[in-house]
Amino acid sequence: MDESKEYCPFCGADLQGPPIPKEIQHHYGATHGSRKIGIYSREEDRVIKWQCPDCGKEWERE
């Protein structure tokens, strides 16, 4: 399973969220959630950017 270790590219904050209970990890393919915020576009009907909950800066989704 993916450990979901991520960091903000601007301030370096740890974006790894709380642990996902073992019995449902297979639904997510990860052991932890994420703290990053998805910026959604109605026009594109998808998340187009991420935002750091600590510094508020945004970056493009890869």
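Whatever comes next refers back to the structure up there.
A short tour of the structure in this document, coming up. (Residues numbered from 1 in each chain as written. Predicted model: local features only at pLDDT ≥ 70, side-chain atom pairs only at ≥ 80, totals over all residues. Heavy atoms only, no water.)

Considering the overall build of the protein chain
Piece 1. Regarding its fold elements, the protein chain presents one helix and five strands.
Piece 2. Helices and strands appear in the protein chain in the N-to-C order β-α-β-β-β-β.
Piece 3. Across its three principal axes, the protein chain shows a C-alpha extent of roughly 35 × 30 × 15 Å.
Piece 4. Looking at the 62 residues of the protein chain, the share that counts as buried comes to 26%. (Helix = DSSP H or I, 4+ residues; strand = E, 2+ residues; numbered from the N terminus. Buried < 20%, exposed > 50% of the residue type's maximum accessible area, 1.4 Å probe, protein only.)

Structural notes on the pairing of strand β3 (residues 37–41)
Residues in a regular strand project their side chains so that they alternate between the two faces of the sheet.
Piece 1. As judged from the five bridges shared by β3 and strand β4 (residues 46–51), these two strands associate in the antiparallel manner. Looking at the pairing, S41 lines up with R46 of β4.
Piece 2. Two successive antiparallel strands, β3 and β4, enclose a turn made up of four residues, where D45 displays a positive phi of approximately 55 degrees. (Pairing = 2+ DSSP bridges.)

Section: the sheet that holds β3
Piece 1. Spatially, the three strands line up as an open sheet ordered β3-β4-β5, and their pairing is antiparallel. Bordering the open sheet on either side are β3 and β5 (58–60), each of which pairs with just one other strand. The average angle at which neighbouring strand axes cross in this sheet is 40 degrees, direction not considered. (Axes fitted to C-alpha atoms, helices over the stretch in contact; angles between N-to-C directions.)

Concerning the packing of aromatic side chains
Piece 1. Taken as a whole and judged by the stated rule, the model has one aromatic pair.
Piece 2. Across from the ring centre of W50, 4.1 Å away, lies the NZ or CZ of K36, which sits over that ring. (Phe/Tyr/Trp six-rings, centres within 6.5 Å; stacked < 30°, edge-to-face > 60°. Lys NZ or Arg CZ within 6 Å of the ring centre and 35° of its normal.)

Topic: the environment of A30
Piece 1. Summarising the element assignment, A30 is placed in the loop between α1 (25–28) and β2 (32–34).
Piece 2. Expressed as a C-alpha distance, the spacing of A30 and I20, which sit 10 residues apart in the sequence, is 7.7 Å.

What about the environment of E62?
Piece 1. Its place among the elements puts E62 in the segment after β5.
Piece 2. For E62, a relative accessible area of 92% puts it in the exposed group.
Piece 3. Considering only alpha carbons, one finds E62 and C52, 10 residues apart in sequence, at a separation of 15 Å.

Looking at the pattern of salt bridges
Piece 1. In total, this model carries five salt bridges according to the counting rule given.
Piece 2. K36 serves as the salt-bridge partner of E6, at 2.7 Å between the closest nitrogen and oxygen. With E6 in the segment before β1 (16–19) and K36 in the loop between β2 and β3, this pair connects stretches of sequence that are 30 residues apart.
Piece 3. Measuring nitrogen to oxygen at the nearest pair gives 3.1 Å for the salt bridge that ties R46 to E44.
Piece 4. Using a relative accessible area of 38% as the deciding quantity, one classes R46 as partly exposed.
Piece 5. According to the relative accessible area criterion, E44 is partly exposed, its value standing at 45%. (Salt bridge = Lys/Arg side-chain N within 4 Å of Asp/Glu carboxyl O.)

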